[in-house]
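# Examination of the molecular architecture
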Number of protein chains: 2
Amino acid sequence: MSEPIRVHIDLGERSYPVVIGDGLIADASRLAALLRPALRGSEVMLVSNDRVAPLYLEAVRRALDGLRVDEFLLPDGEAYKSLAQFERLLGLLLERKHSRATTLIAVGGGVVGDLTGFAAACYQRGVAFIQLPTTLLAQVDSSVGGKTAVNHPLGKNMIGAFHQPRLVVADTRVLDSLPGREFAAGMAEVIKYGAIADAAFFSWLEANVRALRAREPQALAQAIERSVATKAAVVADDEREAGRRAILNFGHTFGHALETCTGYQHYLHGEAVAVGMVLAAELSLALEQVEPEVPERLRKLLAAFDLPVTVEPILTAPALVEAMSRDKKVIDGRLRLILLDALGAVSVSERVDGAGLQQFLSSRLPAAGQRSHG
Amino acid sequence: MSEPIRVHIDLGERSYPVVIGDGLIADASRLAALLRPALRGSEVMLVSNDRVAPLYLEAVRRALDGLRVDEFLLPDGEAYKSLAQFERLLGLLLERKHSRATTLIAVGGGVVGDLTGFAAACYQRGVAFIQLPTTLLAQVDSSVGGKTAVNHPLGKNMIGAFHQPRLVVADTRVLDSLPGREFAAGMAEVIKYGAIADAAFFSWLEANVRALRAREPQALAQAIERSVATKAAVVADDEREAGRRAILNFGHTFGHALETCTGYQHYLHGEAVAVGMVLAAELSLALEQVEPEVPERLRKLLAAFDLPVTVEPILTAPALVEAMSRDKKVIDGRLRLILLDALGAVSVSERVDGAGLQQFLSSRLPAAGQRSHG
């Protein structure tokens, strides 16, 4: 096994490392050496779900041998990223009398990480938190930036906090067992980092489709490192999401609307972002702010990972515009979209109003009342 | 009406003013001049309870004339400082499509302020928040320090966040209608600030019992100003409660245990803190770290405001010790108590263990199984 890569997330006193490597979880002594200095006290609450737990929890427990370790399992699925589960987790922490010196360790994907982070943010007004992300999406996205949240029936991620972890361990070996669709959904976010900030990385991804699809550990580690480093640079500039950090939402305003309109049943998050990025790139082209090859290369790279690149025809433009108007990125009624200027360069635009957006989306979708049932 | 007093809470970019004056809420143009610059956008959610709302909400609405103002009312009582009400409030914000630029304004006592602040901390990961505290306790205590929270069935204030308001308006006139017990409970916290940090203020309080009991606006404004300024100085040193801020918990570890053991039914928070401060002062005397006159003067000043100064004999020492062991201030099993060194000077002590505490409390309480039914 090669040496793990460390990316330092520089946030002043909230700085922490993301450690990326192959087989980090299975190697108990190595994992212990990573985890133990990051604990605040001697109490630990492991949080996972009932699909991930049988695969990795025993290994994590070995690395924490001798400490007071409790365990909280969620059922698997986005539906459990809820206030009800948040309350259950806090209840267990109280029942077991965890103090302010406890450390919550999330072992799982985005749902487990976001819920655990939010619980860590709120338990006694803030306790320590470590992430062991087990999906590619969580490794490149949710584990950097400090965003934690649960869903509300009226909107995804609407209840949350900024709370930084003390350590993230991204083990590329866990990606071996990741279903194909989930792997691809993570690749959508990886591709996003190239598109918004790093043209050379975008080209590297185009050149390494085969190695990445084969999940070769070294290619994966490089892709994760570049993604995390890009996100870290953006977040370090703007921890509380006042300005530049908005560029990370490239594809997400469209993507969230797609997810909302399909009740979060049809698309994985990364799939919706893939379609959203294509829409944002096409809108950038329609506004004549990018060359035609830009949306073309983006579409092609996403498709190479079997990601969707067109909107499902069951959706309508008015429904999408309505959903977008409810997005967190709407400030005082103005829709802020992240558009491409070139590969590796984006800008925040308020040029497009609701009517313009509806016109653009209508050109890509059937009108209301003409829904296809294909 | 005299000019309002402004106390500047210095927290870097999270700094804000506490404005103290007589009749500030009833004067719509004055209130508007205070509130409007503190709003983030043009959306407002007023939060209050069904006892306070009829008294003040119309006046606050007048000051916000022309803005988009929604309203959320809680039933009155500590029982509603719950995750369920938090979820209802967030649901209303989403239903009415409040954006990140919304401002939540709490009009009420500690329950309304703590719940509103926690909702503001979590809605879309943080929106603006203003407090119009309508009890003395909220004016001197909950409105400074950024602590927000809701209760969990297993513990008070166990779910929360640090989230600073952008403005606090403390109108002394609202205290006219405050029930006597609630006024006294607020005075307990005022007295605390003298006891922990300001011997001259403590003496001033002893000399001004009559004016304060008569709720003379100028005496009240001075008491609030000194309390807020003391708390602000402590909080500015230690926003996230790592060290010095702990001194604000003088009387609170005992007080919370008293509240827990009586199911939050018997004592108002300030009443429990009054008894807790006497216990802490008596323990300081038992440990020979203060002169006998210190607990004596503290007891006398509290009693002058009709506050309780002895433990109800229905409680037992083991139950109190058990409740104290569950307190947030317990770190890795060690109980940290705030003890007096003199009037105006406290220190954090870990000298007393569970057994010592039980012995001390037993000397003030009947043993288990000998509960009085007086």
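As the structure is a prediction and not an experimental result, all values here were calculated from the model. (Residues numbered from 1 in each chain as written. Chains lettered and ligands numbered in written order. Predicted model: local features only at pLDDT ≥ 70, side-chain atom pairs only at ≥ 80, totals over all residues. Heavy atoms only, no water.)

All names here are of chain B. Of all 6 residues that make up strand S7 (residues 147–152), 5 are buried, and the element is covered over most of its length. Sheet analysis places S7 next to strand S8 (residues 155–162), joined by 5 bridges and oriented antiparallel. Within S8, the residue paired with lysine 147 across the bridge is phenylalanine 162. Connecting S7 to the next strand, S8, in antiparallel fashion are 2 residues. (Buried < 20%, exposed > 50% of the residue type's maximum accessible area, 1.4 Å probe, protein only. Helix = DSSP H or I, 4+ residues; strand = E, 2+ residues; numbered from the N terminus. Pairing = 2+ DSSP bridges.)

Another point: the relation of the copies chain A and chain B. Here chain A sits on chain B after a turn of 180° about the axis and a move of 0.0 Å along it, with an RMSD of 0.0 Å. The superposition operator between the copies reduces to a two-fold rotation axis. With an isologous cut-off of 70% or more, the 100% of interface residues of chain A that recur at the interface of chain B puts this contact in the isologous class. (Least-squares fit on C-alpha atoms with pLDDT ≥ 70 in both. Contact = heavy atoms within 4.5 Å.)

We now examine the interface of chain A and chain B. At the junction of the two partners, chain A supplies 42 residues and chain B supplies 42 residues. Between chain A and chain B we count 2 salt bridges in total. Close ionic contact of lysine 97 of chain B with glutamate 322 of chain A constitutes a salt bridge, the shortest N to O distance being 2.9 Å. For the interface between chain A and chain B, the tally reads 8 residue pairs in polar contact (both at pLDDT 80 or more). Listing elements by their share of the side of chain A that touches chain B, those giving two or more residues are helix H3 (83–95), helix H4 (110–122), strand S7 (147–152), strand S8 (155–162) and helix H13 (317–325) of chain A. Along the lines of polarity and charge, the residues of the side of chain A that touches chain B split into 18 nonpolar, 11 polar and 13 charged. (Salt bridge = Lys/Arg side-chain N within 4 Å of Asp/Glu carboxyl O. Polar contact = N/O pair within 3.5 Å; in protein donor to acceptor, adjacent residues only side chain to side chain. Nonpolar A, V, L, I, M, F, W, Y, C, P; charged D, E, K, R; others polar.)

Tallied over the full model, the rule gives 48 salt bridges over all chains. The shortest N-O distance in the salt bridge between aspartate 141 of chain B and lysine 231 of chain B comes to 3.1 Å. Here lysine 231 of chain B lies in helix H9 (residues 217–237) and aspartate 141 of chain B lies in helix H5 (residues 136–142), a separation of 90 residues in the sequence. Owing to a relative accessible area of 13%, aspartate 141 of chain B belongs among the buried residues under this scheme. The class for lysine 231 of chain B is buried, based on a relative accessible area of 7%. Note that arginine 181 of chain B and glutamate 271 of chain B form a salt bridge whose closest N and O atoms lie 2.7 Å from each other. Here arginine 181 of chain B, found in helix H6 (residues 180–197), pairs with glutamate 271 of chain B, found in helix H11 (residues 269–286); they are 90 residues apart in sequence, far enough to count as distant. Judged by its relative accessible area of 9%, glutamate 271 of chain B is buried. Among the charged side chains, a network of salt bridges with common partners joins Glu43, Arg68, Asp70 and Arg96 of chain A.

Another point: the confidence of the model for chain A. Taken residue by residue, chain A gives an average pLDDT of 91. The fraction at 70 or more is 94%. Long-range and interchain partners of residues 369–374 of chain A, a stretch whose pLDDT sits below 50, account for 4 contacts in this model, where long-range means more than four residues apart. (pLDDT = per-residue confidence, 0-100.)

All names here are of chain A. Enumeration according to the criterion identifies 6 aromatic pairs over all chains in this entry. Each ring, one from phenylalanine 201 and one from tryptophan 204, has its centre 5.9 Å from the other, and the planes form 25°; the classification is stacked. Note that phenylalanine 201 and tryptophan 204 are positioned in helix H7 (residues 199–207) at a spacing of 3 residues, about one turn of the helix. With respect to burial, phenylalanine 201 and tryptophan 204 carry one shared label: buried. The ring of phenylalanine 183 has arginine 215 sitting right over it, with the charged end atom 4.4 Å from the ring centre. (Phe/Tyr/Trp six-rings, centres within 6.5 Å; stacked < 30°, edge-to-face > 60°. Lys NZ or Arg CZ within 6 Å of the ring centre and 35° of its normal.)

Below, the discussion takes up the packing of helix H11 (residues 269–286) of chain A against helix H14 (residues 354–362) of chain A. Residues and elements named next belong to chain A. Contact geometry for H11 and H14: axes closest at 11 Å, N-to-C directions at 110°. On the basis of their axis angle, the class for H11 and H14 is roughly perpendicular. Only Leu357, Phe360 and Leu361 of H14 make contact with H11, whose side of the interface consists of Leu279, Glu282 and Leu283. Residues of the contact of H11 with H14, tallied by class, amount to 5 nonpolar, no polar and 1 charged. (Axes fitted to C-alpha atoms, helices over the stretch in contact; angles between N-to-C directions. Parallel < 35°, antiparallel > 145°, perpendicular 65-115°, else oblique.)

Residue and element names in this part refer to chain B. In space, the 7 strands of this open sheet follow the order S1-S2-S9-S6-S5-S3-S4, with mixed pairing throughout. Looking at the sheet topology across the chains shown, the edges are occupied by strand S1 (5–9) and strand S4 (68–74). Ignoring strand direction, the axes of neighbouring strands in this sheet form an average angle of 15°. Helix H3 (residues 83–95) rests against strand S3 (43–49), S4 and strand S5 (103–108) of the sheet, and its axis sits at about 160° to S4. Its contacts with the sheet put H9 on S1 and strand S2 (16–21), and the angle it makes with S1 is roughly 10°.

The next subject is the packing of helix H1 (residues 28–35) of chain A against helix H2 (residues 53–63) of chain A. Residue and element names in this part refer to chain A. Closest axis-to-axis distance for the H1/H2 pair is 8 Å, and the angle between their directions is 65°. Looking at the two axes, H1 sits roughly perpendicular to H2. Crossing hand, H1 versus H2: right-handed. Residues Ala28, Leu31, Ala32 and Leu35 of H1 form the contact with H2, whose own contacting residues are Ala59, Val60, Arg62 and Ala63. When its residues are assigned to classes, the contact of H1 with H2 shows 7 nonpolar, no polar and 1 charged. (Left-handed = near helix turned anticlockwise from the far one by under 90°.)

Further remarks concern the sheet that holds strand S9 (residues 167–171) of chain A. All names here are of chain A. Judged by pairing direction, the sheet is mixed, and its 7 strands sit side by side in the order S1-S2-S9-S6-S5-S3-S4 without closing on themselves. Two strands bound the open sheet, and with one partner strand each, they are strand S1 (5–9) and strand S4 (68–74). Taking the axes of each pair of neighbouring strands and ignoring which way they run, one obtains an average angle of 15° across the sheet. In the sheet, strand S2 (residues 16–21) pairs with S9 via 4 bridges, with the strands oriented parallel. By the bridge assignment, isoleucine 20 is partnered in S9 with alanine 170. This element, H1, spans S1, S2, strand S6 (128–133) and S9 of the sheet and lies at about 155° to S9. Sheet strands in contact with H3 are strand S3 (43–49), S4 and strand S5 (103–108), and its direction is about 160° off that of S4.

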